[in-house]
Amino acid sequence: MRFDVVTIFPEFFDTLDISLLGRARRGGTVSWAIHDLRDHTHDRHRTVDDTPYGGGAGMVMRPEPWGEALDAILDDPVDDPLVIFPSPAGEVFTQAMARELSAESHLVFGCGRYEGIDQRVVDHTAARARTRLVSIGDYVLNGGEVAVVAMLEAIVRLVPGVVGNPESLVEESHEAGLLEYPSYTKPQEWRGLPVPEVLLSGNHRAIAEWRHRASLERTKRVRPDLLPPDETPHA
């Protein structure tokens, strides 16, 4: 997988080179490039924003630098990239979307700032490449960088070869529509709190049943909106 990120804060993405993403890059499973939007400006102040037409608070990112930045990435006749603009006005990012996007060969992320990017940038991009507006939740961030890092963490770890034990991906929260069951490790008792006995039993069927029941109970308590209509926790 390849991905490109356009931002006015390229240093924000230095964190990608640590942990699993960094190892995947060094191993050749994924590759990426971070592009400074200000490199596509032509004034001494490297201006990327201006006042909005129609008035209102804040500033809007100008289309010219965005056009040049995206031209440099998208002018590849062999490629079929998907362009994603993080936006609170977009479709909600989910685990299912992360899995869908992990099958893409090339993702391009455009990180807006201020009051957002001139809409014509999105419209023009959509006329030349597959384009989606995506939100990571019902709240507003200062810019798209945090959202892109969160999405990349969720997407890239699903690319085959990135996570060492693929089976661990199956049991995580949201993969089966439920929250993940609680996990325990050594010692068997810590500060008066024991590990549930069933996990020490060696009875794999009983352990699987306990984990499913624990997932249902946790989902009912924390995220009841995720419960299937016919799934009710039982003792």
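Definitions and cut-offs
- Residues numbered from 1 in each chain as written.
- Predicted model: local features only at pLDDT ≥ 70, side-chain atom pairs only at ≥ 80, totals over all residues.
- Heavy atoms only, no water.
- Helix = DSSP H or I, 4+ residues; strand = E, 2+ residues; numbered from the N terminus.
- Buried < 20%, exposed > 50% of the residue type's maximum accessible area, 1.4 Å probe, protein only.
- Salt bridge = Lys/Arg side-chain N within 4 Å of Asp/Glu carboxyl O.
- pLDDT = per-residue confidence, 0-100.
- Patch = residues over 30% accessible without salt bridge, like charges linked within 9 Å, V, L, I, M, F, W, Y side chains within 5 Å.
- Areas by Shrake-Rupley, 256 points an atom, 1.4 Å probe, with all protein chains shown as cover.
- Domains from an automatic or database assignment.
- Arc of directions from axis to C-beta.
- Pairing = 2+ DSSP bridges.
- Axes fitted to C-alpha atoms, helices over the stretch in contact; angles between N-to-C directions.
- Core = buried A, V, L, I, M, F, W, Y, C linked by side-chain atoms within 4.5 Å.
- Contact = heavy atoms within 4.5 Å.
- Right-handed = clockwise from strand over helix to strand, strands pointing away.

**Student:** Even after reading the chapter, I still don't get unusual backbone geometry, so can you show me in this structure?
**Tutor:** Trans is the common state for peptide bonds, and a negative phi is the common state for residues other than glycine. The peptide bond linking lysine 186 to proline 187 adopts the cis configuration, its omega dihedral lying at 5°. Relative to the assigned elements, proline 187 resides in the loop between helix 6 (167-170) and strand 8 (189-190). With a phi angle near 55°, arginine 46 is a residue other than glycine that sits in the positive phi range. Inspection of the secondary structure assignment puts arginine 46 in the loop between strand 2 (31-36) and strand 3 (49-50). Positive phi, close to 50°, is recorded for arginine 191, a residue that is not glycine. Looking at the secondary structure, you find arginine 191 in the loop between strand 8 and strand 9 (193-194). Overall, arginine 191 belongs to the exposed group, its relative accessible area being 72%.

**Student:** Would you explain the pattern of salt bridges in this entry?
**Tutor:** Any two side chains of opposite charge can pair, on the condition that their charged atoms come close. If you walk through the whole model with that rule in mind, you get 17 salt bridges. The closest approach of N and O atoms between arginine 62 and aspartate 50, which form a salt bridge, is 2.9 Å. With arginine 62 in the loop between strand 4 (60-61) and helix 2 (63-74) and aspartate 50 in strand 3, this residue pair connects regions lying 12 residues apart in the sequence. Take arginine 62: its relative accessible area is 28%, and that puts it in the partly exposed class. With a shortest N-O distance of 3.5 Å, aspartate 80 and arginine 130 are connected by a salt bridge.

**Student:** Before we go on, may I ask you to explain the confidence of the model for the protein in this structure?
**Tutor:** Interpretation of this model should avoid reading the predicted coordinates in detail wherever pLDDT is low. Chain-level statistics for the protein give a pLDDT mean of 91 and a share of 91% at 70 or above. Per-element averaging of pLDDT across the protein places helix 6 at the bottom with 52 and strand 6 (residues 106-110) at the top with 98.

**Student:** Mind showing me how you'd approach a nonpolar patch on the surface here?
**Tutor:** A cluster of nonpolar side chains, Phe9, Phe12, Tyr139, Leu141 and Val146, forms an exposed patch at the surface whose accessible area comes to about 410 Å². Position of tyrosine 139 among the secondary structure elements: in the loop between strand 7 (130-135) and helix 5 (145-156).

**Student:** Please explain the domain arrangement of the protein as it appears in this structure.
**Tutor:** Where interface size is quoted, it is often the accessible area lost as the parts come together. Each assigned domain of the protein is listed here: domain 1 (2-157) and domain 2 (172-226). The distance between the C-alpha centroids of domain 1 and domain 2 comes to 37 Å.

**Student:** Which parts of the structure should I look at to understand helix 1 (residues 19-26)?
**Tutor:** Since the α-helix packs 3.6 residues into each turn, any two residues three or four apart lie on the same face. Looking only at helix 1, the buried set comprises Leu21, Gly22 and Ala24. Buried residues in helix 1, looked at end-on, bunch into an arc of 160°, giving them a common side. What points out from helix 1, more than 90 degrees from its buried face, is the exposed set Ser19, Arg23 and Arg26. Just downstream of helix 1 lies glycine 28, where phi reads positive at about 85°.

**Student:** What exactly am I supposed to notice about the sheet that holds strand 1 (residues 2-7) here?
**Tutor:** Sheets are built from strands paired through backbone hydrogen bonds, the pairs being either parallel or antiparallel. The strand order 2-1-6-5-7 describes an open sheet built from 5 strands, whose pairing is parallel. Of all the strands in the sheet, just strand 2 and strand 7 have a single pairing partner and so form its edges. For this sheet, the mean inter-axis angle between neighbouring strands, taken without regard to orientation, is 30°. One ladder, built from 6 bridges, connects strand 1 with strand 2; its direction is parallel. The residue bridging valine 5 from the neighbouring strand is isoleucine 34, located in strand 2.

**Student:** Any chance you could explain the nonpolar core here in plain terms?
**Tutor:** Generally speaking, nonpolar side chains in soluble globular proteins are found buried as a group. Ranked by internal contacts, the top residues of the largest apolar core, which has 30 residues, are Phe3, Phe93, Leu107, Phe109 and Ile155. The set of elements that each furnish at least two residues to this core consists of strand 1, helix 1, strand 5 (82-92), helix 3 (95-101), strand 6 and helix 5. Residue contributions to this core peak at 8 residues, all from helix 5. Look past the residues within four positions of phenylalanine 3 in its chain and what remains in contact with it is Leu16, Ser31, Trp32, Ala33, His106, Leu107, Phe109, Leu152 and Val156.

**Student:** Hey, could you run me through the pairing of strand 6 in this one?
**Tutor:** Put simply, side chains in a regular strand alternate between the two faces of the sheet. Counted residue by residue, strand 6 has 5 buried out of 5 residues, so it is predominantly covered. On strand 6, burial covers both faces: His106, Val108 and Gly110 on one face and Leu107 and Phe109 on the other are all buried. Here strand 1 runs beside strand 6; their pairing, made up of 5 bridges, is parallel. Residue phenylalanine 3 lies in a different strand from strand 6, and its bridge partner there is leucine 107. In terms of strand pairing, strand 5 meets strand 6 through 3 bridges, oriented parallel. Residue pairing across strands places valine 83 opposite valine 108, the latter belonging to strand 6. In this fold, strand 5 hands off to helix 3, which returns the chain to strand 6; that crossover is right-handed.

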